[in-house]
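For reference, the chains in residue letters:
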Amino acid sequence: MGVKAVSEHIRSVGVWVGLPIHVWIVAEQDGVTLVDTGLKWMAGSILKEIERTGAGPLKRIVLTHGHSDHVGSLQTILARYPVPVYMHEREIAYAEGDLAYPGKSRPFAHVQKGLLQPLAAAGKNGLAPIGSLQPFFTPGHSPGHVVYFHAQDQVLLGGDLFHAKRGRLLPARFSPDPALALRSGNVLRALDPERLEVCHGGTVYRPAGQLGDLEQEAERAETAVKARQTQIETKKSKRSRQ
Ligand SMILES: [Zn+2]
Ligand SMILES: [Zn+2]
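Note that the structure is a prediction, hence the values are computed from the model and not measured.

1. Re the environment of Leu 188
Next, step 1: With respect to the secondary-structure elements, Leu 188 resides in helix H6 (residues 187-191).
Next, step 2: Separated by 22 residues in sequence, Leu 188 and Gln 210 place their C-alpha atoms 9.5 Å apart.
Next, step 3: Each residue touching Leu 188, except ones within four places of it in the same chain, is listed here: Leu 156, Phe 162, Leu 169, Pro 193, Leu 196, Pro 207, Ala 208 and Leu 211.

In structure tokens:
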């Protein structure tokens, strides 16, 4: 279990389980915002770190999405701090098990009903700031995925919008709609944050500069798939003519 100071107001608590899993503790003027809750057994370390920061009590939990590795210790933390929990309204039905996540054959309740509240909307398609964080809707990895920007610290808390390894931006694994996820990645260009923190990976500095490489890679992969399809179809039509 590693605790790291990300920036003036943000600390991360991380574990390694074959891949890294991080959650973020954001110090606010009136207490603490927790972003994601990791796995069930991370609750003790998260609670200890919230108390150690001395920024005050936990005020709210905000979630990037509802996959089990992001909501695992929610119940235990709520037992200690009965605070409101927010996620994007489009994600709630999937997280509560009313709808099957895209790519899954059946629904599964990752979060008990009644605990989740929708992030407040603001303006056209926008989301209202919450604590010191500005949420942005970034679907693709999941239907209601959200990232949170801390403007003062210039840190984007990216959840599973991307993965990262050795400072390099990578597409998130297990994304049912990788093309949409990549388009959602444009938030990096819009915000141009100094650093991106992802749940499964390390820090990426000035991540917007790496987006072009990922887009080119995706384009190359798509062209290769199309070429293969054309090859197969040509073979098929040749065979049928024989
Ligand atoms: Zn995920
Ligand atoms: Zn994840």
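2. Thoughts on the pattern of salt bridges
Next, step 1: A complete count under the given rule lists twelve salt bridges for this structure.
Next, step 2: When the shortest N-O distance is used, the salt bridge between Glu 28 and Arg 60 registers 3.9 Å. One end of the pair, Glu 28, is in strand S3 (residues 20-28); the other, Arg 60, is in strand S5 (residues 58-62), with 32 residues separating them in the sequence. Taken as a pair, Glu 28 and Arg 60 share a single burial class, namely buried.
Next, step 3: The closest approach of N and O atoms between Glu 222 and Lys 226, which form a salt bridge, is 3.4 Å. Here Glu 222 and its partner Lys 226 are both found in helix H7 (residues 211-241), four residues apart, which amounts to about one turn of the helix.

3. What to know about the coordination of the zinc ion (ligand 2)
Next, step 1: Only Asp 69 (OD), His 70 (NE2), Asp 160 (OD) and His 200 (NE2) from the protein reach the zinc ion (ligand 2) as donors, at distances of 2.1 to 2.3 Å.
Next, step 2: Taken together, the four donor atoms coordinating the zinc ion (ligand 2) and their angles of 80 to 164 degrees define a geometry best described as irregular.
Next, step 3: Counting the intervening residues between successive donors of the zinc ion (ligand 2) yields the motif D-H-x89-D-x39-H.
Next, step 4: The metal-metal distance between the zinc ion (ligand 2) and the zinc ion (ligand 1) is 3.4 Å, with Asp 160 coordinating both. Remark: His 200 occurs in the loop between strand S13 (195-197) and strand S14 (203-205) and Asp 69 occurs in helix H2 (residues 68-71); sequence separation between them is 131 residues. With respect to class, Asp 69 is no different from His 200; both count as buried.

What counts as what
- Residues numbered from 1 in each chain as written.
- Chains lettered and ligands numbered in written order.
- Predicted model: local features only at pLDDT ≥ 70, side-chain atom pairs only at ≥ 80, totals over all residues.
- Heavy atoms only, no water.
- Helix = DSSP H or I, 4+ residues; strand = E, 2+ residues; numbered from the N terminus.
- Contact = heavy atoms within 4.5 Å.
- Salt bridge = Lys/Arg side-chain N within 4 Å of Asp/Glu carboxyl O.
- Buried < 20%, exposed > 50% of the residue type's maximum accessible area, 1.4 Å probe, protein only.
- Donors = N, O, S within 2.8 Å, 3.2 Å for Na, K, Ca; no water.
- Tetrahedral: all angles 85-135°; square planar, octahedral: opposite > 155°, others 65-115°.

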